[in-house]
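Structure assessment
Each chain, letter by letter, is given below.
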Amino acid sequence: MGALNEKRIADYLAAQPQEQIISLKGWVRSKRGNKDIAFIALSDGSTIKTIQVVAELNQFDENLMKRVTTGSSILVKGKLVASQGAGQTVELLAEKIEILGDCDPEKFPLQKKKHSLEFLREIAHLRPRTNTFGAILRLRHAMAFAIHKYFNDNNFYYIHAPIITGSDAEGAGEMFRVTTLPAENAPKNESGEVDFDKDFFGKEANLTVSGQLESELAALALSKVYTFGPTFRAENSNTTRHLAEFWMIEPEMAFFELEDNMDLAEDFLKYLIRYALDNCRDDLDFLEKRQQEEELQMKKEDRSSMPLIAKLEHVLAESFERLTYTEAVGILEKSGKKFEFPVSWGVDLQSEHERYLVEKHFKKPVILTNYPMQIKAFYMKQNDDGKTVRAMDILFPGIGEIIGGSQREEDYEKLSKRIDEMGIHRDSLWWYLETRQYGTVPHAGFGLGFERLMLFVSGMGNIRDVIPFPRTPRNLEF
RNA sequence: UCCUGAAUAGCUCAGCUGGUUAGAGCAUCUGACUGUUAAUCAGAGGGUCCGGGGUUCAAGUCCCUGUUCAGGAGCCA
């Protein structure tokens, strides 16, 4: 039996202690005790919990025990027994301890005390070893798995949209250029501009800002598809909810109209939240406690209105409020509240407006639909009123926009006209336009920011703390 | 990118209207304690006060500047 089949700490913590001889490998979280006995909290990342290793010191070499320090990796063989102490049901009575890797306690930055999230961001290579990031990473895995499971169970096909794109017309933000041209003295053309004909692809290339256009192509063949991959935005955004590299889930469905799109999005989000509650309870309990301790230092009005798990249950119990942009503007105008940015029909809603609707007015997730055409992307289906498009944004408390989507314009003439109106270079989208000429059908889709979902489910406040190695402006360590 | 605030021990922070030798808690180390739960108790070590310039008899403290970080805004997922 190799490492592949070895049981983990999570398995043994759930097992019946019958003095069975077991061996475990992991990292020491803390050691305490007296001259006769030592208690070692051991973690292997399989659970937020540690297993208590008990070492009677007369059986172990003093110099060996000195090397058992916070952060060191050890192998322990011994008996799994019922614990004599409170706080755990089973413990490992050590018979043999082996040091796998020493860890100098004078230098190791993680201590058996609470660290600030800001400090942990500076040591992102070590922060997976903390309780908080262990919980986050397990939760992140569970959410990624649940996303694939949901779509698979609902007959969607997973499409791999390209990461490198040649189309610059997606309009979703600034892009990162991909090039093999030298940084200095790049070849120039006759007008003195960089000659991308000499570049790897023979044209300007960028990292994708969305897999949507490609997933539409697949949906117009396989009916229900989704992408789930990295996405890149070169915006100089310095906020708690933006990353330069993030993961996005983009389902795209043929024969779906806007209402179907909303039904799917709501069912999907609730499935994911339910999945977290059903499968990550220990980690959520920990994250909830963590959030409450952190918020003790905050002003009352800045604290969460509900503990994490109650908040998740609350979202499951409520149906999302669906209303049009026009209705939302009416509510905001009638609210009597003084906004920093005044509201009127036609303006894009600001964070403060969205927050008012979600957190003050409805107190639950909100789906806003049918936005003015002027403030939305070229591919959204135009309504008959000539003013609005069949867009939908889902707004979550504390997060803001978690999903943005729409029914797509399937009419060739209307789409073509809109592309020209918006000054988009139609030659780079000839393939997209062709799908509207060859068997076009109504279709719809949306994009869910994976890290924004993680923010909501974990209760964390900064998006840099729900991805292992965040990429933000001026931050590319690790 | 804009606005606001911050940078002092390994970490979290205090340090007043400038005034000898810069403090605390935690962590670390040493010792005590017969089973602890971020153990407890006692002691010890630990500092380029973010970088550069200036004002002053005197700067951690005041001014200018740069850098970094945080929060808010915009862009959006």
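One can find the structure itself at the top, above this paragraph.
Residues numbered from 1 in each chain as written. Chains lettered and ligands numbered in written order. Predicted model: local features only at pLDDT ≥ 70, side-chain atom pairs only at ≥ 80, totals over all residues. Heavy atoms only, no water.

Describing the side chain of Glu 288
Put simply, the rule reads: Helix and strand assignments come from DSSP, with helices taken as H or I runs of at least 4 residues and strands as E runs of at least 2, each series counted from the N terminus. Burial status follows relative accessibility: with a 1.4 Å probe on protein chains alone, a residue under 20% of its type maximum counts as buried, one over 50% as exposed, and anything between as partly exposed. Here Asp and Glu are counted as negative and Lys and Arg as positive; His is not counted, and neither are the chain ends. Salt bridge, as used here, is a side-chain nitrogen of Lys or Arg placed within 4 Å of a carboxyl oxygen of Asp or Glu. When checking whether two residues touch, look at their non-hydrogen atoms; a contact exists if any pair is within 4.5 Å.
Along the polypeptide, Glu 288 turns up in helix α7 (residues 281–295). Of the side chains with opposite charge, Arg 281 comes closest to the buried, unpaired Glu 288, at an N-O distance of 6.9 Å. Here Glu 288 is in contact with Pro 307, Leu 308, Ile 309 and Ala 310, once residues within four sequence places are set aside.

So, the packing of aromatic side chains
Let me state the cut-off plainly: Centres within 6.5 Å are what make two rings of Phe, Tyr or Trp a pair, Trp counting through its six-membered ring; a difference in plane orientation under 30 degrees is then read as stacked, over 60 as edge-to-face, and the rest as tilted.
Considering all chains together, one arrives at 21 aromatic pairs under this definition. Ring plane angle 50° and centroid distance 5.1 Å describe the contact between Tyr 150 and Phe 268, whose orientation is recorded as tilted. Of the two residues, Tyr 150 is situated in helix α4 (residues 131–153) and Phe 268 in helix α6 (residues 258–279); the sequence distance between them amounts to 118 residues. Phe 268 carries the same exposure label as Tyr 150, and that label is buried. Judged by centre distance (5.7 Å) and plane angle (85°), the ring pair of Tyr 325 and Trp 345 falls under edge-to-face. Of the two residues, Tyr 325 sits in helix α9 (residues 325–334) while Trp 345 sits in the loop between α9 and α10 (351–362), which places them 20 residues apart along the sequence. With a relative accessible area of 0%, Tyr 325 lands in the buried category.

Details of helix α11 (residues 412–421)
Inclusion rule: Regarding the arc, it is the one traced by the directions from the helix axis to the C-beta atoms. Here a polar contact means two N or O atoms within 3.5 Å. Within protein one must be a hydrogen donor candidate and the other an acceptor candidate, and residues neighboring in sequence count only if both atoms are side-chain atoms.
Turning to α11, its buried residues number three or more, namely Leu 415, Ser 416, Arg 418 and Ile 419. Buried residues of α11 fall within an arc of 160° about the axis and therefore sit on the same side. Of the residues in α11, the exposed ones pointing more than 90 degrees away from the buried face are Glu 413 and Lys 417. Buried positions along α11 lie against α12 (430–434). Two to three positions downstream of the cap, the backbone nitrogen of Glu 413 sits 3.0 Å from a side-chain oxygen, assigning the N-cap of α11 to Asp 411. Just downstream of α11, Gly 423 is the residue with a positive phi angle, here 70°.

Details of a positive patch on the surface
Put simply, the rule is: A patch consists of residues whose relative accessible area exceeds 30% and which take part in no salt bridge; residues with like charges are grouped when within 9 Å of each other, and nonpolar side chains (Val, Leu, Ile, Met, Phe, Trp, Tyr) when within 5 Å. Areas reported here follow the Shrake-Rupley algorithm with a probe of radius 1.4 Å; residue values treat only the protein chains shown as occluding. Where a charge sits is defined by one atom per residue type, namely NZ (Lys), CZ (Arg), CG (Asp) or CD (Glu).
Taken together, Lys 337, Arg 355, Lys 360 and Lys 363 make up a surface patch of like positive charges. Of note, Lys 360 is situated in helix α10. Lys 360 sits in the exposed class, given a relative accessible area of 56%.

As for the pattern of salt bridges
Using the criterion set out here, one finds 33 salt bridges in the structure. For Glu 216, the salt bridge goes to Arg 436, with nearest N and O atoms at 2.8 Å. Of this pair, Glu 216 sits in helix α5 (residues 212–222) while Arg 436 sits in the loop between α12 and β16 (443–449), and the two are 220 residues apart along the sequence. Arg 436 gets classed as buried once you look at its relative accessible area, which sits at 4%. Note that Arg 281 and Asp 285 form a salt bridge whose closest N and O atoms lie 3.8 Å from each other. Here Asp 285 and Arg 281 lie together in helix α7, a separation of 4 residues that amounts to about one turn. Each of Glu 216, Glu 252, Arg 408 and Arg 436 takes part in salt bridges that share partners, so that together they form one network.

Section: the protein's contact with RNA strand B
Threshold: Proximity is defined per residue: any heavy atom of the residue falling within 4 Å of a molecule or strand makes that residue near it. Residues are grouped as follows: Ala, Val, Leu, Ile, Met, Phe, Trp, Tyr, Cys and Pro are nonpolar; Asp, Glu, Lys and Arg are charged; every other residue, Gly included, is polar.
Near RNA strand B you find 52 residues, and of these Arg 32, Asn 34, Thr 239, His 242 and Arg 452 are the closest. Within the side chain of Gln 111, one N or O atom sits 2.9 Å away from a base nitrogen of RNA strand B. Contact between RNA strand B and Glu 401: a phosphate oxygen at 2.9 Å from a side-chain N or O atom of the residue. For the surface near RNA strand B, the secondary structure elements donating two or more residues are β1 (20–33), β2 (37–43), α3 (117–122), β11 (245–254), α10, β15 (400–407) and β16. For the surface near RNA strand B, the leading source of residues is β15, giving 4 residues. Partitioned by chemical class, the residues of the surface near RNA strand B number 10 nonpolar, 23 polar and 19 charged.

So, the sheet that holds strand β8 (residues 177–178)
Threshold: Whether two strands pair depends on DSSP finding at least two bridges between them.
Across the sheet, which stays open at both edges, the 3 strands sit in the order β7-β9-β8 with antiparallel pairing between neighbours. Bordering the open sheet on either side are β7 (164–165) and β8, each of which pairs with just one other strand. The sheet contact formed by β8 and strand β9 (residues 205–207) spans 2 bridges and is antiparallel. Among the inter-strand pairings, Arg 177 is bridged to a residue of β9, identified as Asn 206.

A look at the pairing of β11
For β11, the buried fraction is high: 8 of the 10 residues fall into the buried class. Both strand β10 (residues 224–232) and β11 contribute to a ladder of 9 bridges, which runs antiparallel. Bridging from a neighbouring strand, Tyr 226 pairs with Pro 251 of β11.

Looking at the nonpolar core
Quick note on the threshold: Here the nonpolar core consists of buried residues drawn from Ala, Val, Leu, Ile, Met, Phe, Trp, Tyr and Cys, with membership extended through side-chain atoms lying within 4.5 Å.
Within the largest apolar cluster, 69 residues are counted, with the highest numbers of intra-cluster contacts made by Leu 284, Phe 396, Leu 448 and Val 457. Setting aside its immediate chain neighbours within four residues, Val 457 contacts Leu 139, Met 143, Ile 273, Ala 276, Leu 284, Leu 308 and Leu 312. Within the second largest apolar cluster, 30 residues are counted, among which are Leu 213, Tyr 356, Phe 378 and Ile 424.

Comments concerning the sheet that holds β11
Sheet strands pair by backbone hydrogen bonding; their relative direction is either parallel or antiparallel. As a reminder, the rule being used: Fitting a line to C-alpha atoms yields each axis, with helices limited to the stretch in contact; the angle taken between N-to-C directions then spans 0 to 180 degrees.
Pairing is mixed across the open sheet formed by 8 strands, whose spatial order is β6-β10-β11-β16-β15-β14-β13-β12. The sheet is open, and its two borders are formed by β6 (157–158) and β12 (321–324), each paired with just one other strand. Here α4 sits on the sheet and contacts β6, β10 and β11; the angle it forms with β10, its principal contact strand, is near 150°. The strands that α5 touches are β6, β10, β11 and β16; relative to β11, the one it contacts most, it runs at about 30°.

A short note on α9
Within the span of α9, buried status applies to Tyr 325, Ala 328, Val 329, Ile 331 and Leu 332. Seen from one end, α9 has its buried residues packed into an arc of 160°, which puts them on one side. Where α9 is buried, its residues meet β12, α10 and β13 (366–372). Positive backbone phi, at 75°, marks Gly 336, one or two positions downstream of α9.

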